[in-house]
Each structure stands twice: as C-alpha cells, then as structure tokens.
Amino acid sequence: MIIKSEAPEDTRKIGINFAESLKGDEIIIVSGELGVGKTHLIKGIAEYFDIDSKEVNSPTFTIMNIYYGKITIYHLDLYRVSEEEAEEIISEIEGKGVIILEWGEKLNPVYFDNVKYFIEIEYDKELNREIKIRGLTDV
Ligand SMILES: Nc1ncnc2c1ncn2[C@@H]1O[C@H](COP(=O)(O)OP(=O)(O)O)[C@@H](O)[C@H]1O
Ligand SMILES: [Mg+2]
C-alpha cells in the first residue's frame, strides 16, 4: 500500500490510521532518509495509543525512548549504533510493547523474521512524501 503525504499533518494521520491495525506487540521498521518524516509517522502511531505526540522525538542520542499509553512503545533510532549494539539493545527490552525502529534496515536480515511491518518513506518529485507500508504477509 502506498499513501501520499503532502504535509507533516498528513503523515501523522497516516500513522494514526496505521496504528489501528496493531495489537501491541509488533516490531516495525520505519526506513527513509534523514528528515523524510519517520518520526512524524511515529508521532501518529503514538497518538492513537493516547501518548502525547510532543513526547515523541527521534532518540538519536538516547537510542531508545519509551512511551507509556494504552500500550508501551519502544522507539529506537539505530542511525548511530552498530548492528551488534542494536541487536543487544533490542534483546534487552523487557515487557510487552510495540517496538519501532528507525534505521532498522541496518539489522541482520535474519532478524526480520520478527518484523511485522516494513514502512518506507520516500520523497517524490515535488518533495511530498510517499509512504509505503508492507506487512510481512505480502512480501
Ligand atoms: N509530508 C511530510 N511528512 C512528514 N514531514 C514533513 C512533510 N513535509 C515536510 N515535513 C517536515 O520534514 C521533517 C520531518 O522530520 P522527522 O519526522 O523528524 O524526520 P525523520 O525522523 O525521518 O528524520 C519535519 O521538519 C517536517 O515538518
Ligand atoms: Mg527521526
């Protein structure tokens, strides 16, 4: 499924709609260039679960942010970490929740067996965004 987004607000709403399909224990990869809107999409996902979207920021330096709402969201930004470090951090997550990985495509593909959705955000020619959501079942 590919959805066009012409504004940050659109991307947030796409996140809200997508979140409806989540049960609360999935791993999701959100991929795309710096500044394309990954965090905005995640703000929408968080909002659906009654988390204040202002709390949601790229954990570029902290590596992982945890948000508590109707469910728990573990939001990771793997941009600065090695594959080994990333896998270690993920394996240490305790408790149920949705794990959302910015730059998660860095992980060893073996790891993808546990990934439920792969979301890619790209710029189109007018610098709007195209958001492609793939469930593992349609790969
Ligand atoms: N259609 C759009 N969707 C999402 N963000 C957009 C869009 N158009 C412009 N922007 C801007 O692009 C930036 C995206 O930032 P962010 O979500 O932090 O990206 P990333 O996490 O991919 O680095 C924000 O400054 C936002 O205002
Ligand atoms: Mg980000």
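Values in this document were obtained by computation on a predicted structure and should not be read as measured data.

**Student:** Just checking my understanding: could you explain the overall build of the protein chain for this structure?
**Tutor:** Within the protein chain, the regular secondary structure consists of three helices and seven strands. Along its sequence from the N terminus, the protein chain presents helices and strands in the succession β-α-β-α-β-β-α-β-β-β. Radius of gyration (C-alpha) of the protein chain: 14 Å, near the 14 Å computed for a compact globule of 139 residues. Dimensions of the protein chain along its principal axes, counting C-alpha atoms only, are 40 × 30 × 30 Å. A separation of at least 24 residues holds for 61% of the contacts in the protein chain among residues at least 6 apart in sequence.

**Student:** Mind showing me how you'd approach unusual backbone geometry here?
**Tutor:** Keep in mind that most residues, glycine aside, have a negative phi and that most peptide bonds are trans. If you check the backbone angles, isoleucine 63 has positive phi at about 70° while not being a glycine. Along the polypeptide, isoleucine 63 turns up in the loop between α2 (38-48) and β3 (64-68). Judged by the 16 C-beta atoms lying within 10 Å of it, isoleucine 63 falls in the partly exposed class. Unlike most non-glycine residues, leucine 127 shows phi in positive territory, near 65°. Structurally, leucine 127 can be placed in the loop between β6 (115-123) and β7 (129-135).

Cut-offs used in this document
Residues numbered from 1 in each chain as written. Chains lettered and ligands numbered in written order. Predicted model: local features only at pLDDT ≥ 70, side-chain atom pairs only at ≥ 80, totals over all residues. Helix = DSSP H or I, 4+ residues; strand = E, 2+ residues; numbered from the N terminus. Rg over C-alpha atoms; globule rule 2.2 N^0.38 Å. Contact = placed C-beta atoms within 7 Å. Buried ≥ 20, exposed ≤ 12 C-beta atoms within 10 Å, placed from the backbone.

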